Amino acid sequence: MPKKSSVTGLFIALLVIGCWATSIILLMRWTVDFSNPLTYLFVLLQMHLYTGLFITAHDAMHGTVSSNNRINNLMGYTCTLLYALFWYPKLYTKHHLHHSHVHTENDPDFYKGGFLSWYITFIKNYLSIWQIIAMAVLFNILKLWIPQVNLLLFWVVPSLLSTLQLFYFGTYQPHKGEHDNKHQSRSQAKNHAAAFLSCYFFGYHYEHHDAPHVPWWQLWKVVKV
């Protein structure tokens, strides 16, 4: 059985959620000035925090946020809903299919195609029309109180960019092409700073498949590349 995490996992999860929440609340009141470089820096910061939400939900899928299943799953539900109203059980099922049938036709994350066609297939596989409608309704409600430009720049755009970040570093690069190992995956060159900034260490993808019980914040410790 996978080793359950200590209270540290829950603290890290709450820290990521707290950073995302604090940032987005403050940025909804930010005076947007397209000549100010901070505007673009904040978009990238939000993108990275959105990715952190999804990575935290991913850890919950592997039971590494908390040894208490209810708390662990609560963190998973919270992060996927905050990310873009994703339904946690659906993501949970598909992700474990990925681990069980990696790089096969039964792998929901794998597609024999180029970057763009693979990305489109990847998104279509997880996104539902009801989710899009719900997000559109929520957007139109929020813009009654929040400037539309702030919603677009710091809520919509970062989440969309985050899907590219997650897909490129967490799926496409690790799994494209052929592999000669049991996990059908590769890892990026060992560079912990680059690995964290790119995708919370999930560029070390072989290691994740080899030790799925290791949470993102400890994944760098098992890297051998």
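Note that the structure is a prediction, hence the values are computed from the model and not measured. (Residues numbered from 1 in each chain as written. Predicted model: local features only at pLDDT ≥ 70, side-chain atom pairs only at ≥ 80, totals over all residues. Heavy atoms only, no water.)

**Structural notes on a nonpolar patch on the surface**
Together, Leu127, Ile129, Trp130, Ile132, Ile133, Val137, Ile141, Leu144 and Trp145 give the surface a local cluster of nonpolar side chains, amounting to about 980 Å² of exposed area. Looking at where Val137 falls in the secondary structure, it is placed in helix H6 (residues 129-142). Here Val137 falls in the partly exposed class, since its relative accessible area comes to 44%. (Patch = residues over 30% accessible without salt bridge, like charges linked within 9 Å, V, L, I, M, F, W, Y side chains within 5 Å. Areas by Shrake-Rupley, 256 points an atom, 1.4 Å probe, with all protein chains shown as cover. Salt bridge = Lys/Arg side-chain N within 4 Å of Asp/Glu carboxyl O. Helix = DSSP H or I, 4+ residues; strand = E, 2+ residues; numbered from the N terminus. Buried < 20%, exposed > 50% of the residue type's maximum accessible area, 1.4 Å probe, protein only.)

**Topic: the state of the cysteines**
Summed over the entire model, instances satisfying the criterion amount to zero disulfides. The thiol sulfur of Cys19 is not disulfide-bonded, and the nearest other cysteine sulfur, from Cys79, lies at 12 Å. There is no disulfide at Cys199, and the cysteine sulfur nearest it, in Cys79, is 14 Å away. Take Cys199: its relative accessible area is 1%, and that puts it in the buried class. (Disulfide = S-S within 2.5 Å.)

**Here we look at the environment of His48**
Note on placement: His48 falls in helix H2 (residues 37-61). Classification of His48 by relative accessible area gives buried; the value is 13%. In sequence terms His48 and Ser162 are 114 residues apart; their C-alpha atoms lie 6.8 Å from each other. Beyond its immediate stretch of four places on either side in the chain, His48 contacts Gln165, Phe196, Leu197 and Tyr200. (Contact = heavy atoms within 4.5 Å.)

**Here we look at unusual backbone geometry**
With the exception of glycine, most residues fall at negative phi, and the peptide bonds are largely trans. With phi around 50 degrees, Gln184 is a residue other than glycine that occupies positive phi space. By the secondary structure assignment, Gln184 is in the loop between helix H7 (148-175) and helix H8 (192-199). Despite not being glycine, Tyr200 has its phi angle at roughly 55 degrees, a positive value. Here Tyr200 is to be found in the loop between H8 and helix H9 (205-210). Overall, the relative accessible area of 3% leaves Tyr200 in the buried class.

**Digging into the side chain of Thr171**
One can find Thr171 in helix H7. Assessed through its relative accessible area of 6%, Thr171 is described here as buried. In contact with Thr171, not counting residues within four places along its chain, are Asp109, Trp118, Phe122, Leu166 and Lys176.

**Some points on the packing of H2 against helix H4 (residues 88-100)**
Running from N to C, H2 and H4 cross one another at 70 degrees; their axes reach a closest spacing of 10 Å. One way to sum up the angle between H2 and H4 is to call them roughly perpendicular. In terms of crossing hand, the pair formed by H2 and H4 is right-handed. Where H2 abuts H4, its residues Phe54, Ala57, His58, Ala60 and Met61 lie against Tyr88, Leu91, Tyr92, His95 and His96. Taken together, the residues that form the contact of H2 with H4 break down as seven nonpolar, three polar and no charged. (Axes fitted to C-alpha atoms, helices over the stretch in contact; angles between N-to-C directions. Parallel < 35°, antiparallel > 145°, perpendicular 65-115°, else oblique. Left-handed = near helix turned anticlockwise from the far one by under 90°. Nonpolar A, V, L, I, M, F, W, Y, C, P; charged D, E, K, R; others polar.)

**Let's talk about the environment of Thr104**
When you line up the elements, Thr104 lands in the loop between H4 and helix H5 (115-126). Using a relative accessible area of 32% as the deciding quantity, one classes Thr104 as partly exposed. Spatially, the C-alpha atoms of Thr104 and Gln184 are 9.5 Å apart, while their sequence positions differ by 80 residues. Of note is the side chain of Thr104, whose polar atom sits 2.7 Å from the backbone oxygen of His101. (Polar contact = N/O pair within 3.5 Å; in protein donor to acceptor, adjacent residues only side chain to side chain.)

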